[in-house]
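Structural description and commentary
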Amino acid sequence: MGEAEPTVIADRLDIIYKVIAGQGGKGTAATALRRIVKRQDRPTIREVHAVKSVSFTAYKGDAIGVIGRNGSGKSTMLRAIAGLLPPAAGAVYTGGRPSLLGVNAAMMNDLTGDRNVVLGCLAMGMSAAEIQRRYDEIVEFSGIGDFIDLPMSTYSSGMAARLKFAIASAKTHDILLVDEALATGDAEFRVRSERKIKELRDQAGTVFLVSHSLDVVQETCNRALWLDAGVLKLDGPVDEVVAAYIKSTRS
Amino acid sequence: MTGPTGATDAAALARRYGLSKSSVRPPLGSYLHELWSRRQFVVSYAAARTYAMYAGARLGSIWQVLTPLLNAAVYYLAFGVLLGTKNGIDNYVAFLLSGIFVFTFTQRCMTEGSRSLALNLSLIRTLHFPRATLPLAYVLNELNQMLVSLGILFVVVGFTDGPAWSWLLVVPAMLLQVMFNIGITLVFARIGTFVSDITQLLPFVTRTWLYASGIFFSLPAKLNQVDAPGWVIQVLAFNPISAYIDIIRRSLLEEHEPNQLPHAWSIAIVWSFVMLASGFWYFWQAEDRYGRG
């Protein structure tokens, strides 16, 4: 691994974010006023230390599965790699712009699928000519078919996920971060998207995949990171890490 | 994989392979350059929003014409007929319409723009693009509406006063207001993202501004009526909205001269450049923090 070219370096990465956990009290105007009179800072703002001192280096051609229980900081870490969440301490270094692909990445739901394809591609920085050239390919890959003319609000969550994945993978990314995006698709789409991820790997890109389905991780990734309560517990070849993870969940 | 001394090693390794920190604000120059490269996204996004806005309505885009007309009708009824503020103004309908349209343009940019990032959080958290594209698309949206309103205004003035060469001055006047609006929208887009209370407060701010800007009545005539000292009009003339309204009225209405504000063109020009530059600067300062949390 020594001579391989690194694409992502996480250097003792810490992420803390603030969440507003509701209004506090009964949520009435009176309680809000009392809070201000008593000069309390909003008591319901909580700091969440989501990722704690995580370090790793990813190389060209790596497909890295990120596994761990719910709320262990997997998605947060991906966001930090994508540069969408600034770290509280430490740093993430990346070559090129990573793209994050998540399930909750809503596009414009009032608009039809084809308009969303164009908008998404433009936002990624593709030119109009390039979009025209790749449009059919994107629609074809998404497998949406005739529904492409309907507003996205009429799509099922699986269909929306397929379209989003198709849009995001239209561009060749140096670093692609996939956050559970494949979980909602059907079996056929899963096979297609797994193939797409392999393709991206072959183009010497780096892929991060957050997933709870361990067999998908094992099939598509060569390496895995196991996060537990924000701490990087294990980093190594996918089979070893998955085996250790399974062992810990059974005990 | 990485030893305990990772800090300096990692930074050195990153430097050796030309990797850069992922969440870092680009310098202003390259930010503007990147923004320019996404101009097509701005245009398509604005078009998509206009489309989505009227998609559910039976009359569709006809509302783009109806809304300003109805707006003007309500104000005409309230101020022209009931309160009788029109005394002394010859072409009151054109006077009122120009004021309302210009004001609404800036007002909508502010209020809509303050939510432009908050309503697009999922997009922001998914894709990398210069965030200023969103407020810019909102301004473009409102400009589109403004051009429809201007068309109505041209028809009204054309039928009452008749067309004139001075109409051409509307083009630079509009350009100046667009510059100002881009600036103020960027400012409120940033504020609205971090202090969401502002969206509750803005309607009151803009309504106060509405009454102070000489939209339903002529400011100089009003001040004459109450025997205000001369400096008051000089101070009120610094209101950017008043200036933008005044330069439009100067371009369209021949008989506007007695109601003109002092130095409207120069004040409008200064506001435009100052607001545009400071708006971009202020918005860019927080570029790496939008969509956090």
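What you see is a predicted model, and the numbers here were worked out from it, not measured in a lab. (Residues numbered from 1 in each chain as written. Chains lettered and ligands numbered in written order. Predicted model: local features only at pLDDT ≥ 70, side-chain atom pairs only at ≥ 80, totals over all residues. Heavy atoms only, no water.)

1. Here we look at the overall build of chain A
Inclusion rule: Strands are runs of DSSP state E lasting at least 2 residues, helices are runs of H or I lasting at least 4, and numbering of each runs from the N terminus. Exposure is judged per residue with a 1.4 Å probe applied to protein chains only, and the accessible area is read against the type maximum: over 50% gives exposed, under 20% gives buried, and values in between give partly exposed. Contact between two residues is taken to exist if any of their heavy atoms lie within 4.5 Å; hydrogens are not considered. Only the protein chains shown count as cover for residues, and the accessible areas themselves come from Shrake-Rupley with a 1.4 Å probe.
Per the secondary structure count, chain A includes 8 helices and 9 strands. Within chain A, buried positions represent 53% of all 251 residues. Relative to all contacts within chain A whose residues are 6 or more apart in sequence, the contacts with residues 24 or more apart total 74%. Just so you have it, chain A exposes about 11500 Å², and 50% of that area is on carbon and sulfur atoms.

2. Notes on a nonpolar patch on the surface
All names here are of chain B. Selection criterion: Each patch is assembled from residues with relative accessible area greater than 30% and no salt bridge, linking like charges that lie within 9 Å and nonpolar side chains (Val, Leu, Ile, Met, Phe, Trp, Tyr) that lie within 5 Å. In what follows, salt bridge is the name for a side-chain nitrogen of Lys or Arg lying within 4 Å of a carboxyl oxygen of Asp or Glu.
Residues Leu59, Ile62, Trp63 and Leu70 make up a contiguous nonpolar surface patch of roughly 360 Å² in combined accessible area. Looking at the element boundaries, Trp63 is found in helix H4 (residues 63-82). By relative accessible area, Trp63 is classed as partly exposed at 30%.

3. With respect to the layout of surface pockets
All names here are of chain B. Heads up, the rule is: Grid points spaced at 1 Å and placed over the protein atoms alone form the basis of the search, with a cavity being a set where a 1.4 Å probe fits but cannot get out and a pocket an open set showing protein on both sides within 12 Å along at least five of seven lines. Lining residues have an atom within 4 Å of a point. Grid points are joined across faces, edges and corners, and a volume is the space filled by probe spheres set on the points. Note on residue classes: Ala, Val, Leu, Ile, Met, Phe, Trp, Tyr, Cys and Pro are nonpolar, Asp, Glu, Lys and Arg are charged, and everything else, Gly too, is polar.
Put simply, the second largest pocket is a space of about 420 Å³. The wall of the second largest pocket is formed by 24 residues, among which Thr67, Asn71, Thr104, Arg108 and Gln145 lie closest to the centre. Mapped by element, the contributors of at least two residues to the lining of the second largest pocket are helix H3 (39-55), H4, helix H5 (92-113), helix H7 (133-160) and helix H9 (198-212). Ranked by residues supplied to the lining of the second largest pocket, first place goes to H5 with 7 residues. Looking at the lining of the second largest pocket residue by residue, the class counts come to 11 nonpolar, 10 polar and 3 charged.

4. Looking at the interface of chain A and chain B
As a reminder, the rule being used: Note on pairing: DSSP must find at least two bridges between two strands before they are called paired.
Contacts between the two partners involve 48 residues from chain A and, on the opposite side, 38 residues from chain B. Secondary-structure elements contributing two or more residues to the side of chain A that touches chain B are strand S1 (6-20), strand S2 (45-59), helix H2 (74-81), strand S4 (89-94) and helix H3 (113-123) of chain A. Take the side of chain A that touches chain B: its biggest share by element is 7 residues, from S1 of chain A. For the side of chain A that touches chain B, the class distribution of residues is 28 nonpolar, 10 polar and 10 charged. Note: S4 of chain A against strand S1 (residues 20-21) of chain B, 2 bridges, orientation antiparallel. Within the sheet, the bridge partner assigned to Thr94 of chain A lies in S1 of chain B and is Ser20 of chain B.

5. Observations regarding the side chain of Asp246 of chain B
Residue and element names in this part refer to chain B. Checked against the element boundaries, Asp246 lands in helix H12 (residues 240-252). Look at Asp246 and you get buried, because its relative accessible area is 2%. Once you skip the residues sitting within four places of it in the chain, Asp246 turns out to touch His256, Asn259, Gln260, Leu261 and Ala264.

6. A short note on the UniProt feature "transmembrane region" (unreviewed entry) in chain B
Residue and element names in this part refer to chain B. Just so we agree on the cut-off: UniProt positions are given in the numbering used here, feature names are shortened, and annotations may be inferred rather than shown by experiment.
On the UniProt side, "transmembrane region" (unreviewed entry) is annotated at positions that read residues 62-83, 89-106, 136-159, 165-189, 201-219, 231-252 and 264-284 here. End C-alpha atoms of residues 136-159 are separated by 34 Å, and the span's content is 100% helix alongside 0% strand. End-to-end, the C-alpha atoms of residues 165-189 are 38 Å apart, and along that stretch the chain is 80% helix and 0% strand.

7. A short note on unusual backbone geometry
For Ala229 of chain A, which is not glycine, the phi dihedral falls at a positive 50°. Tracing the sequence through the fold places Ala229 of chain A in the loop between strand S8 (223-228) and strand S9 (231-237). We classify Ala229 of chain A as partly exposed; its relative accessible area is 46%. Positive phi, normally seen in glycine, also occurs at His263 of chain B, with a value near 55°. Mapped onto the elements of the fold, His263 of chain B is located in the loop between H12 and helix H13 (264-285).

8. Thoughts on the packing of aromatic side chains
All names here are of chain B. What counts, and what does not: Centres within 6.5 Å are what make two rings of Phe, Tyr or Trp a pair, Trp counting through its six-membered ring; a difference in plane orientation under 30 degrees is then read as stacked, over 60 as edge-to-face, and the rest as tilted.
Going through the model one piece at a time under the given rule, you end up with 18 aromatic pairs over all chains. Geometrically, the ring pair formed by Phe180 and Tyr244 is tilted, given 5.3 Å between the ring centres and 45° between the ring planes. Of this pair, Phe180 sits in helix H8 (residues 170-194) while Tyr244 sits in helix H12, and the two are 64 residues apart along the sequence. In terms of burial, Phe180 and Tyr244 fall into one category: buried. Through a chain of ring-to-ring contacts, three or more aromatic side chains come together here, namely Phe41, Tyr45, Phe129 and Tyr138.

9. Re the pairing of strand S7 (residues 206-210) of chain A
All names here are of chain A. Across the 5 residues of S7, 5 count as buried, placing the element largely inside the fold. Neither face of S7 is open: one carries Thr206, Phe208 and Val210, the other Val207 and Leu209, and all of them are buried. Strand direction decides the pairing type here: strand S6 (residues 175-179) and S7, joined by 5 bridges, are parallel. Paired with Ile175 across the two strands is Thr206, which belongs to S7.

10. Things to note about H7 of chain B
Along an α-helix, residues three or four apart share an orientation, since each turn contains 3.6 residues. Rule in force here: Each residue after the first adds 1.5 Å to the expected span of a helix.
The end-to-end C-alpha distance of H7 of chain B, which contains 28 residues, comes to 40 Å, matching closely the 40 Å that a straight helix rising 1.5 Å per residue would cover. At the exit of H7 of chain B stands Gly162 of chain B, carrying a positive phi of roughly 85°.

11. Regarding the packing of H5 of chain B against H12 of chain B
Residue and element names in this part refer to chain B. Stated formally: What counts as an axis is a line fitted to C-alpha atoms, over the stretch in contact for a helix, and the angles between N-to-C directions run from 0 to 180 degrees. Angles are sorted into four bins: roughly parallel if under 35 degrees, roughly antiparallel if over 145, roughly perpendicular if 65 to 115, and oblique for all others. Here a crossing is taken to be left-handed if its near helix is turned anticlockwise relative to the far helix by less than a right angle, and right-handed if that turn runs clockwise.
Where H5 contacts H12, the two axes come as close as 9 Å, and the packing angle between them is 135°. Between H5 and H12, the crossing angle belongs to the class labelled oblique. Here the hand of the crossing between H5 and H12 comes out right-handed. Here Phe95, Ser98, Gly99, Val102, Phe103 and Thr106 of H5 come into contact with H12, specifically with Ile241, Tyr244, Ile245, Ile248 and Arg249.

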